[in-house]
Amino acid sequence: MKIDLLNQIRATNPVVLNISNFVTVQDVANGINAIGGSPIMSEEIRETDEMVGISNAVTLNLGAFSKPQVDHILAMGKAANAQHKPLVIDPVAVGAISFRKKTALDLMNQFQVDVIRGNAGEIAALADVAWDAKGIDAGSGNQDVVEIAKKAAQKQNCVVILSGATDVITDGEHVARVFNGTPLFQLHVGSGDMLSSIVGAFCAVSDGDYFEAAQTACLVFASIGQLVADQMKEERPGTFSVRLMDELHLATVADIEKIAQFD
Ligand SMILES: Nc1ncnc2c1ncn2[C@@H]1O[C@H](COP(=O)(O)OP(=O)(O)OP(=O)(O)O)[C@@H](O)[C@H]1O
Ligand SMILES: Cc1ncsc1CCO
Ligand SMILES: [Mg+2]
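Treat the numbers as computed from the prediction; the structure is a model and nothing was measured. (Residues numbered from 1 in each chain as written. Chains lettered and ligands numbered in written order. Predicted model: local features only at pLDDT ≥ 70, side-chain atom pairs only at ≥ 80, totals over all residues. Heavy atoms only, no water.)

Draft legend 1. Region of the structure containing the site of ligand 2. Ligand 2 sits among N21, V23, T24, G63, V92, I136, V189 and D193. Broken down by class, the residue content of the shell around ligand 2 amounts to 4 nonpolar, 3 polar and 1 charged. (Near = heavy atom within 4 Å. Nonpolar A, V, L, I, M, F, W, Y, C, P; charged D, E, K, R; others polar.)

Draft legend 2. Quick look at the pairing of strand 5 (residues 115–119). Burial runs high along strand 5: 5 of the 5 residues are buried. Neither face of strand 5 is exposed, since V115, R117 and N119 on one face and I116 and G118 on the opposite face are all buried. Direction of pairing for strand 4 (residues 87–90) relative to strand 5: parallel, over a ladder of 2 bridges. Bridge pairing in strand 5 places V88 opposite V115. In this view, the connection linking strand 4 to its parallel neighbour strand 5 by way of helix 5 (residues 98–110) has right-handed handedness. Sheet topology places strand 5 next to strand 8 (residues 159–163); 5 bridges connect them, and they run parallel. The residue bridging G118 from the neighbouring strand is L162, located in strand 8. (Buried < 20%, exposed > 50% of the residue type's maximum accessible area, 1.4 Å probe, protein only. Helix = DSSP H or I, 4+ residues; strand = E, 2+ residues; numbered from the N terminus. Pairing = 2+ DSSP bridges. Right-handed = clockwise from strand over helix to strand, strands pointing away.)

Draft legend 3. Up close: the sheet that holds strand 9 (residues 167–170). If you trace the 8 strands from one edge of the open sheet to the other, you get 2-1-3-4-5-8-9-10, paired in mixed fashion. Two strands close off the open sheet at either side, each with one partner strand: strand 2 (38–41) and strand 10 (175–178). Put simply, the sheet's adjacent strands are angled 20° from each other on average, direction ignored. (Axes fitted to C-alpha atoms, helices over the stretch in contact; angles between N-to-C directions.)

Rendered as structure tokens:
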């Protein structure tokens, strides 16, 4: 695990281009900014090639798409491939809404993603494994999450992050797990969206090793949330989100190394 990639983000301030959802766009922008990246959002398809041109990574969030936004996402994915920029996708709620799953699969048939980041309900849907997803949340299921993540990675030929109490990261063959985190993440809508765009920032400084980038992003984000939770006496979702932003900026590699739990 190359936790030092965090310092590389802070040293090089990579531009992370996002198609976000309107629910969590500000958290996503500030999360990238706080950790040391440079966020930019886009809502206009005609600027796609130029936008991708100035970016070091692209994250596409399917959280609240409309027909024009799906066209934009498609153009952005194709441009990221053509310009060899790392491409991350967050398939929000594809486990709960069949139209979303179909749309996500249609898109991923037309461009190649480098990393998919979703919760168990979303990744199970992409793996065609039975799971009871609930809206944007993971829901419940009894299949092995490692096998689910591997299956999704093999189907899409990319790195998959299945996030949750334990994050599972796989390229379809090798598997890493991150055990850090806090249930407080679930009390803040958009924790996953922030993670997906922060994965983009790690991919930008990874020299093409997206499996390493994905693992490290998960470890850094989950550990920083855990550091915040460890300082709180009660479950305060509002306070958590503010302090999370502070710690994304302040936490050092040494702070993370002290609590890191992964295999
Ligand atoms: N029960 C938990 N315990 C510890 N950490 C958790 C738990 N659930 C989620 N996390 C952490 O929360 C972060 C976001 O992952 P999560 O799986 O909740 O995304 P998500 O479901 O897409 O969230 P959202 O839809 O709110 O964006 C990850 O860093 C993950 O490790
Ligand atoms: C609540 C919600 N609805 C669509 S997207 C979103 C934010 C989590 O991605
Ligand atoms: Mg999500």
